[in-house]
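Here is how the chains run, residue by residue.
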Number of protein chains: 2
Amino acid sequence: MDGTPTEETEPEKTANAPQKGTVTQRAIEQIKAMIAEGRLEPGQRLPTERDLAVQLGISRSSMREAIRALTVLGVLEARHGSGIYVTLLEAGDLLETFGVVADLSRGPRLVELLEVRRILESTATALAAARITGDQLVEVEKHLTAMNATEDPEEILAHDLAFHREIAAAAGNETMAAILEGLSSRTFRARVWRGYQEEGAFARTRREHAAIHRALVAHDPEAARAAAAAHVGEVEQWLRAQLTP
Amino acid sequence: MDGTPTEETEPEKTANAPQKGTVTQRAIEQIKAMIAEGRLEPGQRLPTERDLAVQLGISRSSMREAIRALTVLGVLEARHGSGIYVTLLEAGDLLETFGVVADLSRGPRLVELLEVRRILESTATALAAARITGDQLVEVEKHLTAMNATEDPEEILAHDLAFHREIAAAAGNETMAAILEGLSSRTFRARVWRGYQEEGAFARTRREHAAIHRALVAHDPEAARAAAAAHVGEVEQWLRAQLTP
DNA sequence: ATCACTGATGTGGTCCGACCACTACGGTCG
DNA sequence: CGACCGTAGTGGTCGGACCACATCAGTGAT
């Protein structure tokens, strides 16, 4: 596209970043900056990979790496045959990567993660108790009864996740809900649950869920906070004990 | 490896993932799985890009995209001329991406982020009050006095960040500290601070910091929790008011 | 024997060009 | 008018080439 090769061979200083780090890293920062500055709106479609590469003066390969990076971060979304789009940049999009932390953590850090979850979950449950509507409560109860009606561990886990997800949603803070979602990612809980439930913790779990539900119905934030903290705290203490046998 | 070009054209079912999603996405999952299963230890060096590509049966280009993705997630680290290494997988490594959320969030979500920070920061400060050592307290005081001794906004911000970072570290939960670090990322606070401090909030900020420090010295968790919650809450309320003028 | 220099080697970083797989859109045909 | 189909454009993949950098063994002077 350049045409006349007599263009500035010397590095242009037109308010552009000179040269720091790899070109791919630079491209990532530039696209991020474009979004942060509002030059790219959520949901908007970007130019093609080829055009973008030309615009930033890099090869398509490097541009693809930059796009891939922003894709896994939940900032961009590539649709085969259609184009590249900015995501809606909602909490869920950007915090999806949180699950990776939970998946790759082991030992002491699992306890730390549960501690964070206990803090956030108890607060979220308290907020939910104050704000939850009738419809939302029905949804919570649906998963609660379904969870108690089956013996299939997989199904129990699924409804357990949904139970807490509905509560987090009722708290009215999408960001907090998204973080808790990542903190309860499938593989994370599956690893902990396996051992925990094998000790006949089903009954205790049901009792704790019932206590949380009771607090929600009563719109009692303090009771809800205590119940949720105790619920997560039980698992936390069990896991803590597992690490020091 | 197989040699004979009479290779099975039909999809191989040798316990391998058949074909879902892009090859790059598959490679990302496979490497993640290798780490999760312990086949790759933290700090360990991986085979070369070229070898890895051959092992997973994909091109080097696709492998590079996978590596780039895991790099931005803080799972891998590429050193030019040396090789690719698994990071130490510490909380700070994996939660670095949290800063992206703060950088790209605007409007209502900024309030939500501050709400999350208020919850975590207040708890972390409470924990710190109970556990902080003399040395750690000295470090905190260093930033406190330095912050009050200058008028340069940039320097104030830097010491402010360090002040809270030291407290979070004293709480003894690296994961929580890493999340708070992301929630206080430079660009995030710079955007909010700009307007907040222009209203002569310096004095108030100093008073709040002094209150937090007093609670730490007294080893009074409840006072620390209240002071930290009020500190963040002030900014939170100010920002909330800005959004509904 | 010790140390600084130097070269070769291997690694990640970048670029290019080609082709494939899929989507979207428009025209055609029933 | 609607279903079908072909085409152009897009992201996805591949292979090869070259560059920039780190590392280390070998060399040489001290």
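**Here we look at the pairing of strand S1 (residues 76–79) of chain A**
Sheet analysis places S1(A) next to strand S2 (residues 83–86) of chain A, joined by 4 bridges and oriented antiparallel. Looking across to S2(A), one finds that A:Leu76 is bridged to A:Val86.

**Comments concerning the environment of A:Thr187**
Along the chain, A:Thr187 falls in helix H10 (residues 186–197). For the pair A:Thr187 and A:Ala102, spaced 85 residues apart in the sequence, the C-alpha separation amounts to 8.1 Å.

**Comments concerning the protein's contact with DNA strand C**
In the vicinity of DNA strand C, 26 residues are found, and the nearest of them are A:Val23, A:Ser61, A:His80, B:Arg60 and B:Arg64. Within the backbone of A:Val23, a nitrogen or oxygen atom sits 2.5 Å from a phosphate oxygen of DNA strand C. Side-chain polar atom of B:Arg60 to a base nitrogen of DNA strand C: 2.9 Å apart, as the coordinates give it. For the surface near DNA strand C, the elements supplying multiple residues, two or more each, are helix H1 (23–36) and helix H3 (60–72) of chain A together with helix H2 (49–56), helix H3 (60–72), strand S1 (76–79) and strand S2 (83–86) of chain B. Residues belonging to the surface near DNA strand C are distributed by class as follows: 4 nonpolar, 13 polar and 9 charged.

**Quick word on the interface of chain A and chain B**
The partner chain B presents 42 residues to the 42 residues of chain A that form the contact. Taken together, the two surfaces of chain A and chain B that pack against each other cover about 3800 Å², and 64% of this comes from carbon and sulfur. By the criterion of area lost to chain B, the three top residues of chain A are A:Glu65, A:Arg68 and A:Leu104, representing 17% of everything that side buries. Taken together, chain A and chain B are joined by 4 salt bridges. Linking A:Glu65 and B:Arg68 is a salt bridge whose minimum nitrogen-to-oxygen distance equals 3.1 Å. Contributions of two or more residues to the side of chain A that touches chain B are made by H1, H3, helix H4 (91–94), helix H5 (98–104), helix H6 (108–131) and helix H9 (174–183) of chain A. Across the side of chain A that touches chain B, the residue classes break down as 22 nonpolar, 9 polar and 11 charged.

**A closer look at the relation of the copies chain A and chain B**
With an RMSD of 0.0 Å, the fit of chain A onto chain B corresponds to turning through 180 degrees and sliding 0.0 Å along the axis. Here the copies are linked by what is in effect a two-fold axis. Here 100% of the contact residues of chain A are again contact residues in chain B; the copies associate through an equivalent surface.

**Remarks on the domain arrangement of chain A**
What the domain assignment reports for chain A is domain 1 (23–88) and domain 2 (98–243). Computed from C-alpha atoms alone, the centre-to-centre distance between domain 1 of chain A and domain 2 of chain A is 36 Å.

**Points about unusual backbone geometry**
With the exception of glycine, most residues fall at negative phi, and the peptide bonds are largely trans. Positive phi outside glycine occurs at A:His219, with the angle close to 50 degrees. Relative to the elements of secondary structure, A:His219 occurs in the loop between helix H11 (202–217) and helix H12 (221–243). Exposure remark for A:His219: the relative accessible area of 41% places this residue in the partly exposed category. For B:Leu89, which is not glycine, the phi dihedral falls at a positive 55 degrees. Considering the arrangement of structural elements, one finds B:Leu89 in the loop between S2 and helix H4 (91–94).

Cut-offs applied
- Residues numbered from 1 in each chain as written.
- Chains lettered and ligands numbered in written order.
- Predicted model: local features only at pLDDT ≥ 70, side-chain atom pairs only at ≥ 80, totals over all residues.
- Heavy atoms only, no water.
- Pairing = 2+ DSSP bridges.
- Helix = DSSP H or I, 4+ residues; strand = E, 2+ residues; numbered from the N terminus.
- Near = heavy atom within 4 Å.
- Polar contact = N/O pair within 3.5 Å; in protein donor to acceptor, adjacent residues only side chain to side chain.
- Nonpolar A, V, L, I, M, F, W, Y, C, P; charged D, E, K, R; others polar.
- Contact = heavy atoms within 4.5 Å.
- Buried area = accessible area lost by both parts, 1.4 Å probe.
- Salt bridge = Lys/Arg side-chain N within 4 Å of Asp/Glu carboxyl O.
- Least-squares fit on C-alpha atoms with pLDDT ≥ 70 in both.
- Domains from an automatic or database assignment.
- Buried < 20%, exposed > 50% of the residue type's maximum accessible area, 1.4 Å probe, protein only.

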